[in-house]
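Residue-level structural notes
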Amino acid sequence: MNTPKPSPTDRQAFYERISTQNLTPLWEVLHALVPLQPNTACQPAMWAYEQTRPELMAAGQLITAAEAVRRVLILENPALRGQSAITQSLYAGLQLILPGEIAPSHRHTQSALRFIVEGLGAYTSVAGERTTMHPGDFIITPSWAWHDHGCAAQADGGEPVVWLDGLDIPMLRFFDAGFAQTAAVDAQLLSRSEGQSFAQWGHNMAPVRSIPSAMRPFGATSPIFNYPYARSREALDQLERCEAPDPAHGHMLRYVNPQTGGWPMPTLGTFMQRCPSGFQGMGHRQTAGRVYSVVEGNAVATIARGDTSHRFNVSPRDHFVVPSWWRLTLNCDSNGGCVLFSYSDQPVHEALSIFRQQLD
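How each quantity is defined
- Residues numbered from 1 in each chain as written.
- Predicted model: local features only at pLDDT ≥ 70, side-chain atom pairs only at ≥ 80, totals over all residues.
- Heavy atoms only, no water.
- Helix = DSSP H or I, 4+ residues; strand = E, 2+ residues; numbered from the N terminus.
- Contact = heavy atoms within 4.5 Å.
- Polar contact = N/O pair within 3.5 Å; in protein donor to acceptor, adjacent residues only side chain to side chain.
- Pairing = 2+ DSSP bridges.
- Axes fitted to C-alpha atoms, helices over the stretch in contact; angles between N-to-C directions.
- Disulfide = S-S within 2.5 Å.
- Buried < 20%, exposed > 50% of the residue type's maximum accessible area, 1.4 Å probe, protein only.

A word on the environment of His149
The topology assignment puts His149 in strand β9 (residues 147-151). Put simply, His149 and Thr302 are 153 residues apart on the chain and 36 Å apart in space, counted from C-alpha to C-alpha. Once residues within four sequence positions are removed from consideration, His149 is found in contact with Arg70, Gln95, Ile97, Glu101, Ile102, Ala103, Arg114, Tyr123, Thr124, Met133 and Trp163. Within the structure, the side chain of His149 is placed 2.8 Å from the side chain of Thr124, a separation counted as a polar contact.

Here it is in structure tokens:
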């Protein structure tokens, strides 16, 4: 017996009926759920510092660091407005602290990085140890570690200080795993000397005696929480003298956890690279989205997917984002090259065995 072929009306009636039971047909959405290649909704974007800095300073006149808890302008992806996200899994913001201010102590399950963009005189305290901030420093705030920030008074040399905040907020939001706690005091009591963690771990050496539990790294996070730019820049200069640049990245290094040799944080990978003068890079793409901060020099960042291409002329303190599986090409003129800091969700991709990259 021949079964009559269902009409479009029959199918639509079926879909409407099962919808009342919170059911939906996979075959209608399969290609979107399991695409042939990553197809993020995120868009490439750039934030020119000459435009964002005046707005940061205006924010400094409108709200204090204590009132705001953290005086930050979020870098929102144009395709994710209202979600406080620069990619589906990453958060980025520019934070300002003014001379004499304290950003009060709190902690949260989200892991955070600070990359210092501008200014002198500020510090951050993490788990009882303080570190002074300098432009180009990469500083870690581990998950669930107490932390506060402050800036010296103007009479003591304090300046407006700006840094890039990078966090895994959207990632933890996806897992519904966000917790936060506010401290009873604005500034935590210091229990360790400044530079102590770097002395213990920052010279290819490690303490012989076991570390008290209160001073141990939090989870899988590096025991170093300030990676000074002077050391990073020195390493890049030495590499440039000793070896040819990578065809896509120039001279690129990733920051490491000295305990494990792995990533400094379990969810955020961090990198510093130098593209030499006249560098004409190959295009490359990867599944991990990446946020860039320009430290020195100028470059042209071309970010493309299919027939769509974005060309950004980037200068010091500019920021831009390369979404998943968009092709990035970096080019520099003959006037000195550039230095770039970046962070991504690559550690999570690698932990899940889903990381892919490709030279184009």
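A closer look at the sheet that holds strand β7 (residues 129-132)
Whether parallel or antiparallel, the strands of a sheet pair through hydrogen bonds between backbone atoms. Read from one edge to the other, the open sheet built from five strands follows the order β7-β6-β9-β4-β11, with strand pairing classed as antiparallel. Each end of this open sheet is capped by a strand with a single partner; those strands are β7 and β11 (180-182). Averaged over all pairs of adjacent strands, the angle between their axes in this sheet comes to 25 degrees, without regard to strand direction. Both strand β4 (residues 102-108) and β9 contribute to a ladder of three bridges, which runs antiparallel. Looking at the pairing, Ile102 lines up with Gly150 of β9.

Overview of the state of the cysteines
Inspection of every chain in the model, using the stated rule, returns zero disulfides. Cysteine Cys275 is unpaired, with the sulfur of Cys338 as its nearest cysteine sulfur at 4.3 Å. The buried category is assigned to Cys275, whose relative accessible area is 0%.

Observations concerning the sheet that holds strand β10 (residues 161-167)
Strand order in the open sheet formed by six strands is β2-β3-β10-β5-β8-β12, with antiparallel pairing between adjacent strands. With one partner strand each, in any of the chains shown, β2 (72-74) and β12 (226-227) form the two edges of the open sheet. Across two bridges, strand β8 (residues 138-141) lies against β12 in antiparallel orientation. Each bridged residue has a counterpart across the sheet, and for Phe138 the counterpart in β12 is Tyr227. Packing of helix α3 (residues 49-62) onto the sheet brings it into contact with β2, β3 (91-97), β5 (112-118) and β10, and relative to β3 it is tilted by some 55 degrees.

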